[in-house]
Amino acid sequence: MPGSEWGTATEQRFNVNLSILFTELPLLERPAAAAAAGFTAVELWWPWVDSPTPKRSELDALKKAIEDAGVQLTGLNFYAGQLPGPDRGALSIPGTESERFRANIDVAADFARSLGCKALNALYGNRVEGVEAAAQDALALENLVLAARAADRIGAILLIETLNQPESPLYPLVSAPAGVAVVDRVNEATGLGNARFLMDLYHLSMNGEDLPSVIERYAAKTGHVQISDNPGRGAPGTGTLPLEDLLGRLRKAGYEGWVGLEYKPGDRPSAAAFDWLPAEARAAR
């Protein structure tokens, strides 16, 4: 809540999602803005929504902006279609979108490797009318296996995310068990063991899940956590989710990874949307 201080926040490692925060700025200015707000780590959705294979000059410009800002890229999405927008990923959608996802795999992995990024997120994709769910799931597994191998090649983990049914009614992974089941299938298929659950506490709360129970059951399979408050998907303290308590439970359950700030700043500049977090807790340790 505005003006409050999280007593245990210094025990967390936070990063800022530059695809939902600082979007009032051009992409190449966002890493420096996050650094100016006191953060040392950032994550991104795939920034080029129209292209899984952007020009080398575009990739190099973003790499330079991140390096010049002195922040670490800790997470990157594979190509996921129009996000934000109507799409929720590409890898389970037959035809052109699946092909675009495959074309992106090595591009995204190599970009991540160039910046020391160790987590790649693969959004599953919506159900498509007229296509059997089983056929989409088979295609998804094929593509996730390819993505897991690419992630392993650069020493990274592959993240698989649960979204929420009210906002993503065509997305099939709308519960923690559904997301974890895909994680298990990918690990079984590859033998690599590098697929992990992306636990987004906002999405899970929108699904009405018992969050303490989810944490207890799945913390060990979780590779990344994202937070925003509910209702509204705003900053912690703008809704009713007990986020500090939930993150404390995650720590006690053994989770030591990143906590991504993936929330909307509201009707204020993004730089003003971090008043819930003490300045000394923003730089990752």
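Quick summary incoming for the structure in this document. (Residues numbered from 1 in each chain as written. Predicted model: local features only at pLDDT ≥ 70, side-chain atom pairs only at ≥ 80, totals over all residues. Heavy atoms only, no water.)

Some details on the environment of P172
Reasoning step 1: Relative to the elements of secondary structure, P172 occurs in the loop between β5 (157-161) and α5 (176-190).
Reasoning step 2: Distance from P172 to T162, taken between C-alpha atoms, is 8.6 Å for residues 10 residues apart in sequence. (Helix = DSSP H or I, 4+ residues; strand = E, 2+ residues; numbered from the N terminus.)

Regarding the nonpolar core
Here is a general trend for soluble globular proteins: nonpolar side chains tend to be buried in one another's company.
Reasoning step 1: Core analysis: the largest hydrophobic core is formed by 85 residues, its most contacted members being M199, I227 and L261.
Reasoning step 2: If sequence neighbours within four positions are ignored, M199 has contacts with L204, V214, I215, Y218, A219, T222, H224, V225, Q226 and L250. (Core = buried A, V, L, I, M, F, W, Y, C linked by side-chain atoms within 4.5 Å. Buried < 20%, exposed > 50% of the residue type's maximum accessible area, 1.4 Å probe, protein only. Contact = heavy atoms within 4.5 Å.)

A few points about helix α3 (residues 96-114)
Reasoning step 1: With 19 residues, α3 extends 28 Å between its outermost C-alpha atoms, agreeing within 8% with the 27 Å of an ideal straight helix rising 1.5 Å per residue.
Reasoning step 2: Remark: the principal bend of α3, roughly 35°, maps to N104.
Reasoning step 3: Lining the buried residues of α3 we find α2 (56-69), β3 (72-77), β4 (119-121) and α4 (133-153).
Reasoning step 4: In the stretch just after α3, G116 is the one whose phi turns positive, near 70°. (Expected span 1.5 Å × (residues − 1). Bend = angle between axes of the 7 residues up to and from the residue.)

Concerning the pairing of β3
Reasoning step 1: For β3, the buried fraction is high: 5 of the 6 residues fall into the buried class.
Reasoning step 2: Note that strand β2 (residues 41-44) and β3 share 4 bridges and pair parallel. Of the residues in β3, the one forming a bridge with A41 is Q72.
Reasoning step 3: Each parallel crossover has a hand, and the one from β2 via α2 to β3 is right-handed. (Pairing = 2+ DSSP bridges. Right-handed = clockwise from strand over helix to strand, strands pointing away.)

Some remarks on the pattern of salt bridges
Reasoning step 1: In this structure the tally under the stated criterion is 13 salt bridges.
Reasoning step 2: The residue D137 makes a salt bridge to R127 at a minimum N-O spacing of 3.0 Å. You can see D137 sitting in helix α4 and its partner R127 sitting in the loop between β4 and α4, a full 10 residues away along the chain.
Reasoning step 3: Linking D184 and K221 is a salt bridge whose minimum nitrogen-to-oxygen distance equals 2.9 Å. (Salt bridge = Lys/Arg side-chain N within 4 Å of Asp/Glu carboxyl O.)

Some words on the side chain of S205
Reasoning step 1: Mapped onto the secondary structure, S205 falls in helix α6 (residues 201-206).
Reasoning step 2: Excluding residues within four positions of it along the chain, S205 makes contact with L211, N230 and L241.

What to know about α2
Reasoning step 1: Under the 1.5 Å per step criterion, the end-to-end length of α2 is 20 Å for 14 residues, consistent within 8% with the ideal 20 Å.
Reasoning step 2: The complete set of buried residues in α2 reads L59, L62, A65, I66 and A69. Along the axis of α2, the buried positions cluster into a sector of 125°, meaning they face one direction only. Looking at α2, the residues exposed on the side facing more than 90 degrees away from the buried face are R56 and D68.
Reasoning step 3: Residues of α2 that are buried make contact with α1 (30-36), β2, β3 and α3.
Reasoning step 4: With its phi angle positive at about 75°, G70 sits one or two positions after the end of α2. (Arc of directions from axis to C-beta.)

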